[in-house]
Every structure is written in C-alpha cells, then in structure tokens.
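What follows is each chain in one-letter form.
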Amino acid sequence: QVQLVESGGGLVQPGGSLRLSCAASGMIFSINTMGWYRQAPGKQRELVADITRGGTTNYADSVKGRFTISRDNAKNTVYLQMNSLKPEDTAVYYCTVNARVIAGDNMDAWGQGTLVTVSS
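Scope of this entry: the structure provided in the associated data block. Here the structure is a predicted model, which is why all the values come from computation and not from measurement.

A few points about the packing of aromatic side chains
Applying the stated criterion across every chain yields a total of one aromatic pair. Measuring from ring centre to ring centre gives 5.1 Å for Y37 and W110, while their planes differ by 55°; the resulting arrangement is tilted. Of the two residues, Y37 sits in strand β4 (residues 28-39) while W110 sits in strand β10 (residues 106-110), which places them 73 residues apart along the sequence. The exposure class assigned to Y37 is partly exposed, which follows from its relative accessible area of 25%. By relative accessible area, which is 38% here, W110 ends up partly exposed. Sitting over the ring of Y94, R45 keeps its end group 5.4 Å from the ring centre.

As structure tokens, this is what we get:
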C-alpha cells in the first residue's frame, strides 16, 4: 500500500557531500515518522536520523553536526543532506516511513536502498 523510491547515492571523496531523497507513494492518508537507516557489510543496520510529523528530529551521535534530515510534506518526500562525509559513512542507506494508509491502518514501509561510498 506504500512504496518508497530512493535516489542520490553514489561515490564521493572524503569531506564531500551528497543528498539522498526518498519519495513515498500509494494509498497514503498521512505520514507519521520518516527516517534513514544504513547498513555496512558485516555490520548491523543502524538508525541514522528520523523526523516526526511535527518536525522533531533525531540523529545518531556519529552524524550529528554533519547530516540534516528534512521533509517536504506536499511531495511526501524525505531528504538526508550529508556533509563532511567520512569513509565510515560508507553503507547502503535505507529510507523508512511510518504512514497511515487510506484504509485506516498505520504501517511501516522500506525503500530499496541506495549505496553511498566515501573513498579517495
């Protein structure tokens, strides 16, 4: 009932920047929390940042001051602006959305993942 399409990943030099985008579509009545997770090979998936419907943000300590999460409610889209990237940021980044669907239920949806590689 909810589909997410991610874009914006790629290869970047240390210290560089990337912006990830995630657009939600489907039978959506409203979107609650939107967020980004990441997973590197051999490591656990971890929360990077999330943002509530009211605009309250939450960041992992490792990205505070470098990453900014934002949302455009008119477009059902969440963004992750990543600055001062480090090699340790290399991972597959997954968008997640908790949404109320038109049928009335709340549900979680996940994007397909986009690879971010930070390397010289």
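Remarks on the nonpolar core
Among the nonpolar cores identified, the biggest contains 33 residues, and W36, L80, M82 and Y93 are the most heavily contacted of them. Among the secondary structure elements, those contributing two or more residues to this core are β1 (2-7), β3 (18-26), β4, β5 (46-51), β7 (67-72), β8 (77-82), β9 (91-101) and β11 (114-118). The element that contributes the greatest number of residues to this core is β9, accounting for six residues.

A closer look at the environment of A99
Tracing the sequence through the fold places A99 in strand β9. Each residue touching A99, except ones within four places of it in the same chain, is listed here: V2, I28, S30, I31, N32, D105, N106 and M107.

What to know about the side chain of R38
Tracing the chain through its elements places R38 in strand β4. Judged by relative accessible area, which is 4%, R38 ranks as buried. Polar side-chain contacts of R38 include one of 2.8 Å to the side chain of E46. Reaching out from R38, the side chain makes a polar contact with the side chain of S62 at a distance of 3.4 Å. Every residue in contact with R38, bar those within four places of it in the chain, is listed here: Q44, R45, E46, V48, S62, V63, F67, E88, D89, A91, V92 and Y93.

Comments concerning the sheet that holds β8
The strands that make up a sheet are held in pairs by hydrogen bonds between backbone atoms, and each pair lies either parallel or antiparallel. Judged by pairing direction, the sheet is antiparallel, and its four strands sit side by side in the order β1-β3-β8-β7 without closing on themselves. The two strands at the open ends of the sheet, each matched to only one other strand, are β1 and β7. For this sheet the average axis-to-axis angle between neighbouring strands, irrespective of direction, equals 15°. Inspection of the sheet shows β3 paired to β8 by six bridges, in the antiparallel sense. Pairing of C22 across the sheet is with V78, part of β8.

Considerations on the environment of N58
Following the sequence through the fold, N58 ends up in strand β6 (residues 57-59). Each C-alpha atom of the pair N58 and S70 lies 11 Å from the other, and the pair is 12 residues apart in sequence. Among all residues touching N58, those that are not within four sequence positions of it are L47, V48, A49 and D50.

Criteria and cut-off values
- Going along each chain's sequence as written, the residues are numbered from 1 onward.
- Totals for whole chains, interfaces and linings use all residues, but because this is a predicted model, local features are given only for residues with pLDDT of at least 70 and pairs of side-chain atoms are given and counted only at 80 or more.
- To obtain the side-chain values, all non-hydrogen atoms of the structure were included, while hydrogens and water were left out.
- Working definition: a ring pair exists when centres of Phe, Tyr or Trp rings (six-membered ring for Trp) sit within 6.5 Å. Plane angles under 30 degrees give stacked, over 60 give edge-to-face, the rest tilted.
- Think of it this way: any DSSP run of H or I at least four residues long counts as a helix, any run of E at least two long counts as a strand, and we number them from the N terminus.
- Per-residue accessibility, obtained with a 1.4 Å probe over protein chains only, is compared with the maximum for each type, and a residue is labelled buried under 20%, exposed over 50%, and partly exposed between these values.
- Only Lys NZ and Arg CZ are tested; either one counts as a charge over a ring when it is within 6 Å of the ring centre and within 35 degrees of the ring normal.
- The term nonpolar core refers to a set of buried residues drawn from Ala, Val, Leu, Ile, Met, Phe, Trp, Tyr and Cys, joined through side-chain atoms within 4.5 Å.
- Whether two residues touch is decided by their heavy atoms; if any such pair falls within 4.5 Å, the residues are in contact.
- For the purposes of these results, a polar contact is taken to be a pair of N or O atoms within 3.5 Å, where, inside protein, one atom must be able to donate a hydrogen and its partner to accept one; residues adjacent in sequence count only when each atom of the pair is a side-chain atom.
- When DSSP finds at least two bridges between two strands, those strands are taken to pair.
- Interaxial angle, 0 to 180 degrees, is taken between N-to-C directions of lines fitted to C-alpha atoms, where a helix line uses only the stretch in contact.

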